[in-house]
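Here are the chains, one letter per residue:
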Amino acid sequence: MSNNVIDAKMLSKMFLTGAKNLEAKKEWINELNVFPVPDGDTGTNMTMTIMSAAKEVGSLGDNADMSAICKAISSGSLRGARGNSGVILSQLLRGFTKVVKEHDEVNVSILAEAFDKAVETAYKAVMKPKEGTILTVAKGASEKAHELAVEGTEDIEFFCSEVIKYADEVLAKTPDMLPVLKQAGVVDSGGQGLVQVLKGALDGYLGKEIDITITEEQVTPGAKTMGEPKEEDIKFGYCTEFIVLLSKPLNIKQEIDFKNFLESIGDSIVMVADDEICKVHVHSNDPGLAIQRALMYGQLSNMKIDNMRMEHREKLFHENNDGSWAEIETEINGAAELTPTYLPGDDIPIGKKVETEAPKAAEPEMPHKEVGFVTVCAGSGLADIFRGLGVDYVIEGGQTMNPSTADILDAVDKVNADTVIVLPNNKNIILAANQAAIMSEDNDSDKKIVVVPSKTVPQGITAIINYVPDTPVEDNVAAMTEALGTVNTGEVTYAVRDTVIDDVQIKQGDYMGIGDSGILAVGGEIADVTFDMLDKMMDDDLELISVYYGDEVDEKDAEALRERISEKFPSCDVELQFGGQPIYYYIVSAE
């Protein structure tokens, strides 16, 4: 291949090596976050976003064309986007692929145009773009790309090297644009993540030896690497793979419905779709169920069904040479579920009906209503509070794990309502929720998604309390959004490293009280920090204080804190409730 163009196969390789480099630097990027809180950070969110796309790209094979690769990058990152940094990265990739997908080969001029489109798309996705962030680094890379194209540069290696070099220079200047970065002594973490993607992509172009295999553990949060499974661990016996030649492209709702069905009959689900085909992989006890459902969407091709229990026993027999000859013959003759050991000369029971685990029963459909609610929170107590206020579906997540756009779309799909109001309850989830609303609208969904941009759990609770049934949706959304400004929120957690924020020295292990505007209190005692934080949140107009204690707080300690607060603020009602949230000892609101 010429040094002046990138073809589809090379683009796929460059994208996968870029994703792998970001994944390898994930924890280092997390350490760049200004606030030293123990939650899901920029490196984690960006990695999970790009790995969602990498998984789809990796499943396409070596013969995929430019259009298919670009669709996998765009759709995979959009559905997998988590956190503000992940959503912005997905928008950069979406804009980039809009240009590239129209060409079989890409040269410097096309790359420069794609960089421009990437930045334009990402800036449009952010309501109030802030300089000194990943957007600034992306814009710098785009400006350099345009400059090189105008100068007549044709060599791809030189072009990429110069763009990355300049992006690094812009990244180094981000502390001068955001004082909070300068005080903490770090560059912008999102910008660093983008630079690592670009550097990894260049390594792929140069042919450096990099393992570009994408595993489920890299895509799924919390997945653990397991050894060779024991037979009793093989819950679903048949590995089923096929391709659906689609009658027409699947919309977002159809994709979610199909994936939910596959999850109801098995596990190890992989489903990747473009405009013409849908590739499916599932482990189940009844392959026919998956096949029948797939026929609703088109014709089937490349079908492959393997009996994993039989393969497991054959493997043990050949490796250990101590298995029963009759056991393997039983497998071959179709009695794979019968596990007794037989000796030569024994009768082999063939043809008995095999009992398999029944598919999970479908959840009963919710009664239809005009308006439904989806909210995000972590903690059983908080979830119960939201359900008690009328929320239909609670997504488990928040600071410790930002749900993806696909998670939000999936939750909305489960709510039987014409309009679904989403309460993100975290500023780092609002962009993903907005992206879900846009994707739903673009795919002509039969329900409307409206996002009320709650940044904290107390804001979300106040918003839904202000919902008035039988009032027009637009009026309710306006009232709920206005109510967000009446709530002051504080959260107490611990520091995972030494840092300086707002001229406050913070040591690893200190307890921190974080308010809407930043650090309010730091100290060595949880109760004292919570009390001091609340004291700085209060003013004469506030009447209600709500305290939600986390899963690591003893109820007696929480009661003692409530009494202390009541004595300090006798004119306020003080409510204490179990939140059960991880990481944050107390969430406190004043309104």
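Because the structure is a prediction, the values reported are computed rather than measured.

1. Observations concerning helix α22 (residues 555-568)
No. 1: Relative to the 20 Å expected for 14 residues at 1.5 Å per residue, α22 spans 20 Å between its end C-alpha atoms, a close match to the ideal helical length.
No. 2: Residues of α22 that are buried in the fold lie against α21 (526-537), β16 (544-549), β17 (573-578) and β18 (586-590).
No. 3: The distance from a side-chain oxygen at the start of α22 to the backbone nitrogen of Lys556 is 2.8 Å, and the residue carrying that oxygen is Asp554.

2. Topic: a positive patch on the surface
No. 1: Residues Lys128, Lys130, Lys427 and Lys455 make up a contiguous surface patch of positive charge.
No. 2: Relative to the assigned elements, Lys130 resides in the loop between α6 (108-125) and α7 (134-150).

3. Some points on a negative patch on the surface
No. 1: On the surface, a cluster of negative charge is contributed by Asp539, Asp540, Asp541, Glu543, Asp573 and Glu575.
No. 2: Here Glu543 lies in the loop between α21 and β16.

4. Section: the nonpolar core
No. 1: Ranked by internal contacts, the top residues of the largest apolar core, which has 94 residues, are Ile6, Phe15, Phe159, Ile408 and Val422.
No. 2: Per-element accounting of this core gives the leading share, ten residues, to α6.

5. Brief notes about the sheet that holds β17
Hydrogen bonds along the backbone pair up the strands of a sheet, which may run parallel or antiparallel.
No. 1: The sheet built from six strands is open, its strands ordered β15-β14-β11-β18-β16-β17 with mixed pairing. Every other strand in the sheet has two partners, leaving β15 (518-523) and β17 as the edge strands with one partner each. On average, each strand axis in the sheet is inclined to that of its neighbour by 20°, with strand direction left out of account.
No. 2: Sheet topology note: the β16/β18 ladder contains five bridges and is antiparallel. From the neighbouring strand, Val547 faces β18, where its bridge partner is Val588.
No. 3: Where helix α16 (residues 380-388) meets the sheet, its contacts fall on β16, β17 and β18, and the angle it forms with β17 comes to roughly 115°.
No. 4: Sitting on the sheet, α22 is in contact with β16, β17 and β18, with an inclination near 170° to β17.

6. Some thoughts on unusual backbone geometry
No. 1: Within the chain, Asp470 stands out as a residue other than glycine whose phi angle is a positive 65°.
No. 2: Since its relative accessible area comes to 83%, Asp470 is described here as exposed.
No. 3: Even without being glycine, Ile583 reaches a positive phi, approximately 70°.
No. 4: Its location among the elements puts Ile583 in the loop between β17 and β18.

7. Topic: the confidence of the model for the chain
No. 1: Here the chain averages 82 in pLDDT, and 82% of its residues register 70 or above.
No. 2: Below pLDDT 50 for its whole length, residues 315-360 participates in 54 contacts with residues either more than four positions away or in separate chains.

8. Here we look at the pattern of salt bridges
No. 1: On inspection of all chains with the given rule, the structure shows 14 salt bridges.
No. 2: Two residues, Glu131 and Lys139, come together in a salt bridge whose shortest N-O distance is 3.6 Å.
No. 3: Under the relative-accessibility criterion, Glu131 is labelled partly exposed at 32%.
No. 4: Owing to a relative accessible area of 29%, Lys139 belongs among the partly exposed residues under this scheme.
No. 5: Linking Lys199 and Asp168 is a salt bridge whose minimum nitrogen-to-oxygen distance equals 2.9 Å. Note that Lys199 is positioned in helix α10 (residues 189-205) and Asp168 in helix α8 (residues 156-177), a separation of 31 residues in sequence.
No. 6: The partly exposed category is assigned to Lys199, whose relative accessible area is 29%.
No. 7: Among the charged side chains, a network of salt bridges with common partners joins Lys117, Glu120 and Lys124.

Conventions we followed
- Residues numbered from 1 in each chain as written.
- Predicted model: local features only at pLDDT ≥ 70, side-chain atom pairs only at ≥ 80, totals over all residues.
- Heavy atoms only, no water.
- Helix = DSSP H or I, 4+ residues; strand = E, 2+ residues; numbered from the N terminus.
- Expected span 1.5 Å × (residues − 1).
- Contact = heavy atoms within 4.5 Å.
- Polar contact = N/O pair within 3.5 Å; in protein donor to acceptor, adjacent residues only side chain to side chain.
- Patch = residues over 30% accessible without salt bridge, like charges linked within 9 Å, V, L, I, M, F, W, Y side chains within 5 Å.
- Areas by Shrake-Rupley, 256 points an atom, 1.4 Å probe, with all protein chains shown as cover.
- Salt bridge = Lys/Arg side-chain N within 4 Å of Asp/Glu carboxyl O.
- Lys, Arg positive; Asp, Glu negative; His and termini not counted.
- Charge placed at Lys NZ, Arg CZ, Asp CG, Glu CD.
- Core = buried A, V, L, I, M, F, W, Y, C linked by side-chain atoms within 4.5 Å.
- Buried < 20%, exposed > 50% of the residue type's maximum accessible area, 1.4 Å probe, protein only.
- Pairing = 2+ DSSP bridges.
- Axes fitted to C-alpha atoms, helices over the stretch in contact; angles between N-to-C directions.
- pLDDT = per-residue confidence, 0-100.

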